[in-house]
Amino acid sequence: MRISLAVSVALLMATPALAADGENTEAWLTATAEKVTFQARKGPSLFRPGFVIGEYTGSFKAVASSTSATGVFNSGKAKASIDVERPGMTSVTAECKGGQSRLHFGWITFKRDKLSYVCRYGGAAPAGAEFALTQAKGGFLAQLSQPQRAAELAFGDITLRAETKYISGLPLSSGGANSYVISRPDGVVVGGLQTNGFRPVFWLPRQPGPERDAVALMAVTLFAFQDPGRPDR
């Protein structure tokens, strides 16, 4: 895809600001979270690869039948099936597709799509556990960095939020979202996900416990989403 001269100039002007923001975000994550590299492993089948992220293991199958951002959250356009576990924890499963969510994203101040990409959890997940990802209309410079997304996870007593936010590396989009920051409702950053490097990186809370489990699950769910324009992983 060719970028016009005007867009190129705007991007170059935006890069220092993005880098500064990324330095702050990476500093927050480094202070509060553990940086864990994603490792691929053999899964149940060729089309359902496995993974290892620290003490967490699992597999996922993700399908996207549209390469356009328009209507990507409509039912049938993006689907995923996920399972995640760790030693001592029964597997948590998820089935994801486009549709309506019971999560209302009241904390989001920007314009967003009415339909969401929704995951409902089973297995060892608390009753009613749900994840929703929505597409947003972010600012022009933010969209140059990556498509704008926001997500929420309701997992028992734990609520987490995620937003696309530059962390580090090249501030250019490969077509899909390349970094998310995960926080509590009070704004405290507790984790993140980066896919714009040589290997995906997961940022998880340092202390073992329910919040680390929930952040790992949310990050895996975000990773499994086949964002438009990003090659199948």
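The residue numbers shown here count from 1 along each chain, following its written sequence. Two thresholds apply to this predicted model, a pLDDT of at least 70 for residue-level local features and 80 or more for giving and counting side-chain atom pairs, whereas whole-chain, interface and lining totals are computed over all residues. Processing note: side-chain calculations cover all non-hydrogen atoms of the structure and skip hydrogens and water entirely.

**Student:** When you look at the confidence of the model for the chain in this model, what are you seeing that I'm missing?
**Tutor:** Detailed reading of the predicted coordinates is not advisable wherever pLDDT falls low. For every residue, the predictor assigns a confidence score, pLDDT, that lies between 0 and 100. A residue-level look at the chain finds 68% of positions with pLDDT of 70 or above and a mean pLDDT of 78. The contact criterion used throughout is that any non-hydrogen atoms of two residues lie within 4.5 Å. Below a pLDDT of 50 lies the segment residues 1-20, which in the model reaches 12 contacts outside its immediate sequence neighbourhood of four places, other chains included. This stretch, residues 229-233, has a pLDDT under 50; its non-local contacts, to residues over four places away or in other chains, come to 17 contacts.

**Student:** Quick question: what am I supposed to make of the nonpolar core here?
**Tutor:** Soluble globular proteins: nonpolar side chains tend toward being buried together. We call a set of buried Ala, Val, Leu, Ile, Met, Phe, Trp, Tyr and Cys residues a nonpolar core when their side-chain atoms join them within 4.5 Å. Burial classification: accessible surface area is computed with a 1.4 Å probe over protein chains only, and a residue below 20% of its type maximum counts as buried, one above 50% as exposed, and the rest as partly exposed. In this structure, Tyr-117, Tyr-121, Phe-131, Leu-160, Phe-202, Met-218 and Leu-222 are the most contacted members of the largest nonpolar core, which totals 46 residues. When residues of this core are assigned to their parent elements, the largest contribution, 10 residues, is made by helix H3 (residues 210-224). One finds Leu-29, Ala-33, Ile-167 and Val-189 within the second-largest nonpolar core, a separate group that totals 7 residues. Each helix is a run of DSSP H or I of at least 4 residues and each strand a run of E of at least 2, with the numbering of both proceeding from the N terminus.

**Student:** It is not clear to me how the packing of aromatic side chains should be interpreted in this structure. Could you clarify?
**Tutor:** Both the distance between ring centres and the angle between the ring planes are used here to describe each pair of aromatic rings. Only centres within 6.5 Å qualify two rings of Phe, Tyr or Trp (six-membered ring in Trp) as a pair; their planes then separate them into stacked at under 30 degrees, edge-to-face at over 60, and tilted for everything else. The tally for this structure, following the rule as stated, stands at 8 aromatic pairs. Taken together, a centroid distance of 4.8 Å and an interplanar angle of 40° make the contact between Phe-38 and Phe-223 tilted. Highlighted residues: Phe-38 in the loop between strand S1 (33-37) and strand S2 (39-45) and Phe-223 in helix H3, separated in sequence by 185 residues. Like Phe-38, the residue Phe-223 is buried in the burial classification. Three or more aromatic residues link up through ring pairs in this structure, and these residues are Phe-38, Phe-51, Phe-60, Phe-202 and Phe-223.

**Student:** When you look at the environment of Arg-206 in this model, what are you seeing that I'm missing?
**Tutor:** Relative to the helices and strands, Arg-206 resides in the loop between strand S13 (201-205) and H3. If we skip the residues at most four places from it in the chain, Arg-206 touches Thr-30, Ala-31, Thr-32, Ala-33, Glu-34 and Arg-212. Under the rule applied, a polar contact is a pair of N or O atoms within 3.5 Å (in protein, one hydrogen donor and one hydrogen acceptor; residues adjacent in sequence only if both atoms are side-chain atoms). At 2.6 Å, the side chain of Arg-206 forms a polar contact with the backbone oxygen of Thr-30.

**Student:** What is the right way to read the state of the cysteines from this model?
**Tutor:** When the sulfur atoms of two cysteines share a covalent bond, that bond is a disulfide. The term disulfide is used for any two cysteine sulfur atoms that are within 2.5 Å. Taken as a whole and assessed by the stated rule, the structure comprises 1 disulfide. A disulfide bridge connects Cys-96 with Cys-119, and the sulfur atoms are separated by 2.1 Å. With the S-S bond torsion at 115°, the cross-link from Cys-96 to Cys-119 turns out right-handed. Separated by 23 residues along the polypeptide, Cys-96 in strand S6 (residues 89-99) and Cys-119 in strand S7 (residues 116-123) bring together distant segments of the chain. Under the relative-accessibility criterion, Cys-119 is labelled buried at 0%.

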